[in-house]
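# Examination of the molecular architecture
So you can see what is in the structure, the chains are spelled out below.
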Amino acid sequence: MPPRTANPSARQTQLLEAAYAYALAHGLADLSLRPLAEAIGSSTRVLMFLFGNKDGLVRALLERARTDELDLLAVLRRADRPVGLAEAAERVWTWLAVGEHRPLLRLWAEAYARSLVEPDGPWAGFARATVDDWLDVLAACQPLPERDGEDGAARRTLTLAVLRGALLDLLATDDEPRVTAAVHRHLALLRRENRGTA
């Protein structure tokens, strides 16, 4: 596989974006290079040259999806004044619940699950990396006294578990009002607990 460079060519970037749009519409489970290349106006030979093989392309697509995820999470970081765990979770859920984000979230769920059952494939490490990304951002949203220590880690882990479980439920049922009500119930409990410890 050709080594990944920090500065991919314009053509590589263009094809990756087109392949990403294709993956958002069709998923990654049955991804085949020939139909993909045809759909995005390329050839399997060009894709193999740019990404090495199908696994290399899948890894590039997962990294592209992770970029979208990290862009969302980056808006929550405020070094000067952390927004708090409940506020961060509410903002994240508001974004997750928007219907137009479902293709990206289905891709995320597919990659997450594949990473768990195929730990040596192109999905390797995706699930762990996404958990670490989210926990890191949620920690940055906690005030410093709450962030440090086992209780702070347990709070952000529980919050992440609620968000992830709610997301999987939403993707399975498309019942946004019910799932959002459950998330808000958790956030109300979290805010009440925070007031009790303040």
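Below, the structure is looked at part by part. All values reported here derive from a predicted model rather than from experimental measurement.

## Remarks on the overall build of the protein chain
The helix and strand inventory of the protein chain stands at 10 helices and 0 strands. Reading the protein chain from its N end, one meets helices and strands in the order α-α-α-α-α-α-α-α-α-α. Its C-alpha atoms put the protein chain at 60 × 35 × 30 Å along the principal axes. Going through the 198 residues of the protein chain one by one, you find that 42% of them count as buried. Per element, the accessible surface of the protein chain, about 10700 Å² overall, is 55% carbon and sulfur. Side chains of the protein chain give 25 positive and 27 negative charges; the mean places of these two sets differ by 1 Å.

## Section: the packing of helix H6 (residues 102-117) against helix H9 (residues 150-173)
Each pair of packed helices can be described by the angle between their axes along with the distance between the axes. With their axes 11 Å apart at the nearest point, H6 and H9 run at an angle of 115 degrees to one another. For the element pair H6 / H9, the angle class is roughly perpendicular. Crossing of H6 over H9 shows left-handed handedness. Where H6 abuts H9, its residues Arg102, Leu105, Arg106, Trp108, Ala109 and Tyr112 lie against Arg164, Leu167, Leu168, Leu170 and Leu171.

## Concerning the packing of aromatic side chains
Evaluation of the coordinates by the stated rule reveals 1 aromatic pair. Seen in terms of ring centroids, tryptophan 108 and tyrosine 112 are 5.0 Å apart; in terms of plane orientation they differ by 35 degrees. Their pairing is tilted. One end of the pair, tryptophan 108, and the other, tyrosine 112, are both in helix H6, 4 residues apart, so they sit about a helical turn from each other. Both residues of the pair, tryptophan 108 and tyrosine 112, belong to the buried class.

## Observations regarding unusual backbone geometry
Phi is mostly negative for residues that are not glycine, and the peptide bonds are mostly trans. Even without glycine at this site, aspartate 174 takes up a positive phi of about 60 degrees. Structurally, aspartate 174 can be placed in the loop between H9 and helix H10 (176-197).

## Observations regarding the environment of alanine 97
With respect to the helices and strands, alanine 97 occurs in the loop between helix H5 (85-96) and H6. Of the residues examined, alanine 97 reaches a relative accessible area of 14% and is grouped as buried. Residues alanine 97 and aspartate 174 lie 77 residues apart in sequence; the distance between their C-alpha atoms is 9.4 Å. Discounting chain neighbours no more than four positions away, the residues touching alanine 97 are Arg102, Leu170, Glu176 and Thr180.

## Examining the nonpolar core
Ranked by internal contacts, the top residues of the largest apolar core, which has 58 residues, are Leu28, Leu36, Leu47, Leu61 and Trp93. In contact with leucine 47, other than residues within four places in its own chain, are Leu15, Leu33, Leu36, Ala37, Ile40, Ser42 and Gly52.

## Observations regarding the pattern of salt bridges
One pass over the full model with this rule turns up 13 salt bridges. The shortest N-O distance in the salt bridge between glutamate 118 and arginine 114 comes to 2.8 Å. Judged by relative accessible area, glutamate 118 falls into the partly exposed class, the value being 31%. The salt bridge partner of arginine 178 is aspartate 175, with a shortest N-O separation of 3.0 Å. Residue aspartate 175 is classed as partly exposed on the basis of its relative accessible area of 29%. One salt-bridge network, in which partners are shared between bridges, spans Glu87, Glu90, Arg91 and Arg191.

Cut-offs and rules
- Residues numbered from 1 in each chain as written.
- Predicted model: local features only at pLDDT ≥ 70, side-chain atom pairs only at ≥ 80, totals over all residues.
- Heavy atoms only, no water.
- Helix = DSSP H or I, 4+ residues; strand = E, 2+ residues; numbered from the N terminus.
- Buried < 20%, exposed > 50% of the residue type's maximum accessible area, 1.4 Å probe, protein only.
- Areas by Shrake-Rupley, 256 points an atom, 1.4 Å probe, with all protein chains shown as cover.
- Lys, Arg positive; Asp, Glu negative; His and termini not counted.
- Charge placed at Lys NZ, Arg CZ, Asp CG, Glu CD.
- Axes fitted to C-alpha atoms, helices over the stretch in contact; angles between N-to-C directions.
- Parallel < 35°, antiparallel > 145°, perpendicular 65-115°, else oblique.
- Left-handed = near helix turned anticlockwise from the far one by under 90°.
- Contact = heavy atoms within 4.5 Å.
- Phe/Tyr/Trp six-rings, centres within 6.5 Å; stacked < 30°, edge-to-face > 60°.
- Core = buried A, V, L, I, M, F, W, Y, C linked by side-chain atoms within 4.5 Å.
- Salt bridge = Lys/Arg side-chain N within 4 Å of Asp/Glu carboxyl O.

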